[in-house]
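Commentary on secondary and tertiary structure
Take a look at the letters that make up each chain.
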Amino acid sequence: MAGGLVALLDDVAVLARAAAASIDDIGAGAVKAGAKAAGVVVDDAAVTPQYVRSLAAERELPIIKRIAVGSLRNKFFIILPAVLLLSQFVPWLLTPILMLGGAYLCYEGAEKVWAKFAHHDAHGAGEQEVQDETTLVSGAVRTDLILSAEIMVITLNEVIDEAFWSRLAILAVVAVVITVLVYGVVALIVKMDDAGLRLSQRSGAVAAFGRGLVRAMPVVLTVLTVVGTAAMLWVGGHILLLGTNELNLHFLYEAVHHVEVAAHDATGVLGGLVGWLVNTVASAILGLIVGALVVLVMTLTLHRRKSKAAAATAAGPTRTDGTVPAPPSRAARRRDAPADRAPRG
């Protein structure tokens, strides 16, 4: 019996070591995959505070909590099953889907650059009306669905060679960690000025620190927006660069790689950093070019149609179904003319 107990304990120890190694592998995979999604994470953290800008201070954290719960639902009930099914049965679709997401990131980044230079808000944000909380949360969760899908597909692309259950575990870990990280940072950002205001009402160094927090908030938000925009262009461009290479269109990737290697070899000790910078700048330039083309196409098609529809609605009365009635015919105008008008001749 003693020998059997020792053997059982030895088996348990072996299983525990295997489980620990598996957990280490999952953690390492999650860290590696999450790092690749950093650009989208920064953009998510930069976008979300805009949704609570017009709310009362006491409603900010509850709304952020509701958006975070919606984000987790997006990840676990929609995105995670979809990407796992794709990776299991049609893995060749992941690269095109990832490239579409990369093009979307480039579009978002380029549109923000255009909005900055054209002095108007992207997506018409400057004309946004105050919404009720349910509508606001729904809009934020829909935006999160796109960004979360990008994060999960980028993550999956990094662990596509892992076994199914390892992929599931890594994606679940990344989903939880990134959601907590993003919305925790968002909560800190939106409450930082309130904390600074309270501290500024005290005395001495504490009050000075509080006033510094209040003054720093606009700078923090501006820096976060700039970093998020640059990260979108870099990550989106890099996704497109790698995707074209995987689709056997090697010329772009090989050109950037050639310049990167030349810069690495020419700068000695700093070669690693300089090579990374070359690749990053090239990816960002590609992202800006692709994003600008998408912005141009969207402006000439979808945005123009929306503008024409809005102008038509503003120009004339509308029916109850929302359509603009056609102008009256010539016969109708003669029929409706005043009867007492003097006859000709």
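For the structure itself, look to the data block above.
Here is a short report on the structure shown in this document.

Observations concerning the overall build of the chain
If you tally the helices and strands in the chain, you get ten helices and zero strands. Mapped in sequence order, the helices and strands of the chain form the string α-α-α-α-α-α-α-α-α-α. Of all 345 residues assigned to the chain, the portion counted as buried reaches 32%. In the chain, the share of contacts with a sequence separation of at least 24, taken over all contacts with a separation of at least 6, comes to 75%. When the accessible area of the chain is evaluated, it comes to approximately 20,900 Å², of which 68% is carbon and sulfur surface.

Section: the side chain of Lys 75
On the secondary structure map, Lys 75 appears in helix α3 (residues 57–89). Overall, the relative accessible area of 1% leaves Lys 75 in the buried class. A polar contact is formed between the side chain of Lys 75 and the side chain of Ser 71, at a distance of 2.5 Å. Separated by 3.0 Å, the side chains of Lys 75 and Ser 148 make a polar contact.

Some remarks on a nonpolar patch on the surface
There is a patch of nonpolar side chains on the surface, built from Val 269, Leu 270, Leu 273, Trp 276 and Leu 277 and spanning about 560 Å² of accessible area. With respect to the helices and strands, Trp 276 occurs in helix α9 (residues 271–315).

Some thoughts on helix α6 (residues 164–200)
The first and last C-alpha atoms of α6 sit 53 Å apart over 37 residues, in line with the 54 Å expected at 1.5 Å per residue. At Lys 191, α6 shows its strongest bend, of approximately 40°.

Brief notes about the pattern of salt bridges
All chains considered together, the criterion is met by one salt bridge. Taking the shortest distance from any N to any O, the salt bridge between Glu 60 and Lys 191 comes out at 3.4 Å. With a gap of 131 residues between them, Glu 60 in helix α3 and Lys 191 in helix α6 connect regions that are remote in the sequence. Taking relative accessible area as the criterion, Glu 60 reaches 10% and is therefore assigned buried. Of the residues examined, Lys 191 reaches a relative accessible area of 22% and is grouped as partly exposed.

Side note on the nonpolar core
Grouped together as the largest cluster of nonpolar side chains are 17 residues, with contacts concentrated most on Ile 67 and Tyr 183. Elements that contribute at least two residues to this core include exactly α3, α5 (133–158) and α6. Examining the composition of this core, we find that seven residues originate from one element, α6, more than from any other. Excluding anything up to four places from it in sequence, Ile 67 contacts Val 137, Ala 140, Val 141 and Tyr 183. Judged by nonpolar contacts, the second largest core, of 16 residues, contains Leu 80, Val 83, Met 152 and Val 235.

Conventions we followed
- Residues numbered from 1 in each chain as written.
- Predicted model: local features only at pLDDT ≥ 70, side-chain atom pairs only at ≥ 80, totals over all residues.
- Heavy atoms only, no water.
- Helix = DSSP H or I, 4+ residues; strand = E, 2+ residues; numbered from the N terminus.
- Buried < 20%, exposed > 50% of the residue type's maximum accessible area, 1.4 Å probe, protein only.
- Contact = heavy atoms within 4.5 Å.
- Areas by Shrake-Rupley, 256 points an atom, 1.4 Å probe, with all protein chains shown as cover.
- Polar contact = N/O pair within 3.5 Å; in protein donor to acceptor, adjacent residues only side chain to side chain.
- Patch = residues over 30% accessible without salt bridge, like charges linked within 9 Å, V, L, I, M, F, W, Y side chains within 5 Å.
- Salt bridge = Lys/Arg side-chain N within 4 Å of Asp/Glu carboxyl O.
- Expected span 1.5 Å × (residues − 1).
- Bend = angle between axes of the 7 residues up to and from the residue.
- Core = buried A, V, L, I, M, F, W, Y, C linked by side-chain atoms within 4.5 Å.

Nothing here speaks to function; it is geometry throughout.
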